[in-house]
Amino acid sequence: MNNTRQTADPIVRYRSISKTFGDLTILHEIDLDIAPAEKVAVIGPSGSGKTTLARLLMTLEEPTSGTIEVNGELLWHKRVNGRLVRADERHLHKMRGNIGMVFQHFNLFPHMNILRNVTEAPIHVLGLPREEAVERAVTMLEKVGLGDKLEAYPSHLSGGQKQRVAIARALVMRPSVMLFDEVTSALDPELVGEVLAVIKEIAREGEMAMMLITHEMDFARDVADRVIFTDGGTIVEEGSPEQIFHDPQSPRLQAFLSRFRAGSGKEVMR
Amino acid sequence: MWSWPFAWQIAPELLRAVQTTIAATLAGFALALVGGLLLAFARRAKPRGVSLAAAGVIEFVRSTPLLVQLYVLFYGLPSAGISLPPFAAGVLGLGIHYSAYLAEVYRSGIESVPRGQWEAATALNFSRRQTWTRIILPQAIRPIIPVLGNYLIVMFKETPVLSAITLVEMLMTAKMIGSASFRYLEAFTLAGMLFFLLSYASSLLIRRLESKLTQR
Ligand SMILES: Nc1ncnc2c1ncn2[C@@H]1O[C@H](COP(=O)(O)OP(=O)(O)O)[C@@H](O)[C@H]1O
Ligand SMILES: [Mg+2]
């Protein structure tokens, strides 16, 4: 550990990360650094490995080869006598504290009301006193515009409201990196805006690094410091939003973007 | 023919016996609730040996009659130096027997919890234990409450089998009354009525509980 803050050091560092399912290789030797507080949008056709990339960092999926570092520390491995060995659950538990994730399908806890959805982990994982957790949760729920729904159950909320609760639930844990995996893909079109607005607001505030997997190109352009285009399990192109959207280099990115424009903003799915 | 005075006369004795029946049912069921959960966990355990052993126990217990299990516990164990009173042997037998069934019920409940719930729990960094107690089990148990309740009633109705290991439960009492007085009609009818009333009342209670829990 070092105490002096070196902003040059990435908060997340993927090194030669590959992932295979059976004999299908989903990710091919991915290298990717995310700087502290950096907002990285990930775009690409479905099946290109975007979700898997995020799930590896959230420890929901184990890499087949390669390493991931978070805050300069290995995520999935430990070094024992100079050799890398699979880390134990204890280590993963410690490392996960840095990472948060919002899912496409919200995954709220249906048996808990909204307030408890958001306070449960601060109380039982972070060990905060209840009053403090409630205060933190209420502040966050107000920020996402749900201060009046504390007692409601998830089944009584709209998709957009559910997703905003899920965002608040992840934020109260105060991770250094937050993963957003197509968080508006399961929403009715008229509810997409409210969720994106909340994320933009959080992004503006700043401190936290974000990986935003999205099919909303305007949103990616507005929020991201850097855009990454994945296809077939590799990072085909990356650059500033300006470069990616206005001056795409690779034919695959050009084709992807034109398909989007043709399909009135929505990719034509398989 | 039916005699009301005789029915009144034997009622207290049957009501005393019904207490034994209820106590054995509740204790056996409590044991089965815990044992079934432990078996369900063992069944899902990572070490293959543990999960296979649990599967074996479940299969074995389910494929042998409760009566045989009770005989082993009551008449067999003493030769291994363990003698249990009839009530304890009966409760243990019911508990073990129904554990095997409830393990499968728990399993179906656990499997009904979507994968996303596990993933959200991981993303929020809940420990394994907290994930089970706070996220998974509350969701797994809610939908299986009717089935659990049904097993409680099935178990209750099966308690007469405990008379085979000399436990004086309700039916045994009715039979003793009958053979002492040569009047079987009242004793058996009353015993049947008591079974019916208690089963019916429990099923109403379970339905209330169920609808209360599924309101959300
Ligand atoms: N658990 C899994 N088992 C097998 N194949 C998987 C699994 N998860 C993802 N895949 C496959 O990996 C590929 C990439 O998936 P994913 O990372 O979800 O891509 P994206 O998010 O870009 O759509 C897809 O072809 C998908 O079918
Ligand atoms: Mg995806």
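Quick notes on the rules
- Residues numbered from 1 in each chain as written.
- Chains lettered and ligands numbered in written order.
- Predicted model: local features only at pLDDT ≥ 70, side-chain atom pairs only at ≥ 80, totals over all residues.
- Heavy atoms only, no water.
- Contact = heavy atoms within 4.5 Å.
- Salt bridge = Lys/Arg side-chain N within 4 Å of Asp/Glu carboxyl O.
- Helix = DSSP H or I, 4+ residues; strand = E, 2+ residues; numbered from the N terminus.
- Nonpolar A, V, L, I, M, F, W, Y, C, P; charged D, E, K, R; others polar.
- 1 Å grid on protein atoms, 1.4 Å probe; cavity = no way out; pocket = protein on both sides within 12 Å on 5 of 7 lines; lining within 4 Å.
- Points joined across faces, edges and corners; volume = space filled by probe spheres on them.
- Buried < 20%, exposed > 50% of the residue type's maximum accessible area, 1.4 Å probe, protein only.
- Pairing = 2+ DSSP bridges.
- UniProt positions renumbered as here; feature names shortened; annotations may be inferred.
- Axes fitted to C-alpha atoms, helices over the stretch in contact; angles between N-to-C directions.

**Regarding the interface of chain A and chain B**
In step 1: Counting residues at the interface gives 26 residues for chain A and 19 residues for chain B.
In step 2: Where chain A packs against chain B, one counts 2 salt bridges.
In step 3: Of the charged contacts in the structure, one is a salt bridge between Arg55(A) and Glu119(B), with a shortest N-O distance of 2.9 Å.
In step 4: Within the residue set of the side of chain A that touches chain B, elements represented by two or more residues are α2 (89–96), β8 (99–102), α3 (114–124) and α5 (159–171) of chain A.
In step 5: Of the residues contributing to the side of chain A that touches chain B, the split by class is 14 nonpolar, 7 polar and 5 charged.

**What about empty space enclosed by the protein?**
In step 1: Within this structure, the stated rule accounts for 2 cavities of 30 Å³ or more.
In step 2: Here the largest cavity defines a volume of roughly 110 Å³.
In step 3: Lining the largest cavity are 15 residues, and of these Gly100(A), Met101(A), Ala170(A), Ala123(B) and Leu124(B) sit closest to its centre.
In step 4: The set of elements that each furnish at least two residues to the lining of the largest cavity consists of β8 and α5 of chain A together with α5 (115–123) of chain B.
In step 5: If one sorts the elements of the lining of the largest cavity by residue count, β8(A) sits on top with 4 residues.
In step 6: Residue composition of the lining of the largest cavity, by class: 10 nonpolar, 3 polar and 2 charged.
In step 7: In this structure, the second largest cavity spans a volume of roughly 40 Å³.
In step 8: Forming the walls of the second largest cavity are Phe180(A), Glu182(A), Val183(A), Thr184(A), Leu196(A), Ile199(A), Leu212(A), Ile213(A), Thr214(A) and Phe219(A).
In step 9: Elements supplying a minimum of two residues to the lining of the second largest cavity: α6 (189–205) and β10 (209–213) of chain A.
In step 10: Residues that form the lining of the second largest cavity fall into these classes: 7 nonpolar, 2 polar and 1 charged.

**Points about the environment of Thr189(B)**
All names here are of chain B.
In step 1: Of note, Thr189 is situated in helix α9 (residues 185–213).
In step 2: Look at Thr189 and you get partly exposed, because its relative accessible area is 31%.
In step 3: Between the alpha carbons of Thr189 and Ile145 there is a distance of 31 Å; along the sequence they are 44 residues apart.

**Examining the pairing of β10(A)**
Residue and element names in this part refer to chain A.
In step 1: For β10, a buried count of 5 out of 5 residues is recorded, marking the element as mostly surrounded by other parts of the structure.
In step 2: Burial along β10 is two-sided: the face carrying Ala209, Met211 and Ile213 and the face carrying Met210 and Leu212 are both buried.
In step 3: Two strands pair when backbone bridges link them, and strand β3 (residues 39–43) and β10 are joined in this way by 4 bridges, in the parallel orientation. Across the sheet, residue Val42 finds its bridge partner in β10, namely Ile213.
In step 4: Here strand β9 (residues 177–181) runs beside β10; their pairing, made up of 5 bridges, is parallel.

**Re the UniProt feature "domain: ABC transmembrane type-1" (unreviewed entry) in chain B**
In step 1: Those places that UniProt annotates as "domain: ABC transmembrane type-1" (unreviewed entry) correspond, in this numbering, to residues 18–206 of chain B.
In step 2: Measuring from the first to the last C-alpha atom of residues 18–206 of chain B gives 20 Å, for a span that is 79% helix and 0% strand.

**A closer look at the sheet that holds β10(A)**
Residues and elements named next belong to chain A.
In step 1: With mixed pairing, 6 strands are arranged side by side in an open sheet as β8-β9-β10-β3-β11-β12. Every other strand in the sheet has two partners, leaving β8 and β12 (234–239) as the edge strands with one partner each. Neighbour-to-neighbour, the strand axes of the sheet open up by a mean angle of 20 degrees, direction not taken into account.
In step 2: Packed onto the sheet, α6 meets β3, β9 and β10 and runs at close to 150 degrees relative to β10.

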